[in-house]
Amino acid sequence: MSLINNFRNYTSDTIIDVTKKTIIPVGLSYFATAVVITLIMMPVFAMVFGMDLMNMNGLANIGNEQLMQEQSMRMAQNLKPQNIVLLFLVYLLMFFIMSWFMNFAINLIHRYTTTKEIAVSETLKESFSSMVFKIFFLFFLQLVIFIVLYIVLAMLVGLLMMATPVLGIIGAIALVLFLYIFMIKISLSLPILIISKKGIGQSIIDAYNAITYKKALKYFVYIFVITIVLFLMLFTIVFGLGLITGSLGITGVIISTIIQSAVGAIIITLSLVTLLAIFYKYYYKSDNENNLNLEENLIL
């Protein structure tokens, strides 16, 4: 039985329930993704920036000004064109891997929402498809849109700052707020692309039109409050891990990564279920709803 109406009528309770049901497969896939990305990124960062992971992670070296200065000098010396290109390619690979994860996780959550079945093997097979490339290009297009908007609006804020500092500060706050709200409005483009199978451009347009600025502002307030709570929790966890694992060298890095990935799994599952809840509430229509609308039109 579909849980879509539950998302619309009992949103918070359904989000928590679906998160509990899907957190293991989504969390494990996120953990595996995070491990793969870490194994790729760590040696590349160490090579490109000349980072000594063993020394940088040591508890005794936290706040060591001389070590930080030496590290900064190594980083500056290693900022060569070939290293920058390598780092860019690795980031593209990271986004591609995350695109696969999003394809798998959103399809698995959607499958559970519509069938109440956790079909991991079937979803895993279906996740390796051309949709991964579409998601990758969607992320890239969203990034381009964000950068262009930021540059244009930042120039306007600069003009206001030249007129009067007060207007500049107000403009800067408005700029940040608008960019966050705008990104919330087009965030639905991800499930629209994956579930509704729309094109990349059409997904962004539909997502923008699906949520009003007023509703996006409401979700921004919710996200802002939740983010503060999660930040305090994560800061406590990371600081505690630093005290415990800081003297363990690379072993401490691995242990810290595992624990942080576990926490991240909870956050990412909750975030994706919430995103789909908004998607179901403001955009998605199931086959049954489409058939019902068709029958009503035929009667009329």
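Since the model is a prediction, treat every value here as computed from it, not as a measurement. Throughout this description, residue numbers start from 1 for each chain and increase along the sequence as written. Where local features are concerned, this predicted model is filtered to residues with pLDDT of at least 70; where side-chain atom pairs are given and counted, the filter is 80 or more; whole-chain, interface and lining totals use all residues. In computing side-chain properties, one takes all heavy atoms of the structure into account and sets aside hydrogens as well as water.

Chemist: Quick question: what am I supposed to make of the pattern of salt bridges here?
Modeler: Two side chains with opposite charge may pair up if their charged atoms get near one another. Any Lys or Arg side-chain nitrogen found within 4 Å of a carboxyl oxygen on Asp or Glu counts as a salt bridge. Under the counting rule described, the total for this entry stands at three salt bridges. Between arginine 111 and glutamate 122 there is a salt bridge, with the nearest N and O atoms lying 3.3 Å from each other. Residue arginine 111 is located in helix H5 (residues 81–115), and its partner glutamate 122 is located in helix H6 (residues 120–127); the two are separated by eleven residues in the primary sequence. Residues lysine 198 and aspartate 206 are paired through a salt bridge, measuring 3.0 Å at the closest nitrogen-oxygen approach. Judged by its relative accessible area of 32%, lysine 198 falls in the partly exposed class. In this description a helix means any DSSP run of H or I spanning at least four residues, a strand means any run of E spanning at least two, and both kinds are numbered starting from the N terminus. Only protein chains enter the accessibility calculation, which uses a 1.4 Å probe; a residue whose area is less than 20% of its type maximum is buried, one above 50% is exposed, and one in between is partly exposed.

Chemist: Looking at this structure, how should I read the nonpolar core?
Modeler: In globular proteins that are soluble, nonpolar side chains generally tend to be buried together. In this structure, Phe101, Met102, Leu188, Leu190, Leu272 and Phe279 are the most contacted members of the largest nonpolar core, which totals 56 residues. If you tally residues by element for this core, the top one is H5, at 13 residues. We call a set of buried residues a nonpolar core when its members are Ala, Val, Leu, Ile, Met, Phe, Trp, Tyr or Cys and they connect through side-chain atoms within 4.5 Å of each other.

Chemist: Would you mind showing me how to read unusual backbone geometry here?
Modeler: A negative phi angle characterises most non-glycine residues, just as the trans form characterises most peptide bonds. Phi is positive for lysine 116, which is not a glycine, with a value near 60°. Given the relative accessible area of 44%, lysine 116 is considered partly exposed. Residue lysine 197 is not a glycine yet carries a positive backbone phi of 60°. The class for lysine 197 is exposed, based on a relative accessible area of 57%.

Chemist: So what exactly am I meant to see when it comes to the packing of aromatic side chains here?
Modeler: The description of an aromatic ring pair rests on the distance of the ring centres and on the angle between the ring planes. Each Phe, Tyr or Trp ring (for Trp, its six-membered ring) is paired with any other whose centre lies within 6.5 Å, and the angle between the two planes then decides the class: stacked below 30 degrees, edge-to-face above 60, tilted in between. All chains considered together, the criterion is met by 19 aromatic pairs. Here the guanidinium or amino end of lysine 185 rests over the ring plane of tyrosine 208, the centre of that ring lying 4.3 Å away. Charge over a ring is defined by NZ of Lys or CZ of Arg lying within 6 Å of the ring centre and within 35 degrees of the ring normal. Of note, lysine 185 hangs over the ring of tyrosine 213, and the distance from its end group to the ring centre comes to 4.6 Å.

Chemist: Where do I start with the environment of phenylalanine 7 in this structure?
Modeler: Structurally, phenylalanine 7 is set in helix H1 (residues 4–9). Since its relative accessible area comes to 0%, phenylalanine 7 is described here as buried. The spacing of phenylalanine 7 and alanine 277 is 270 residues in sequence and 5.7 Å in space, taken between C-alpha atoms. Should any heavy atoms of two residues lie within 4.5 Å, those residues are considered in contact. Excluding its chain neighbours within four sequence positions, the residues that come into contact with phenylalanine 7 are Thr14, Ile15, Val18, Thr113, Val273, Ala277 and Tyr280.

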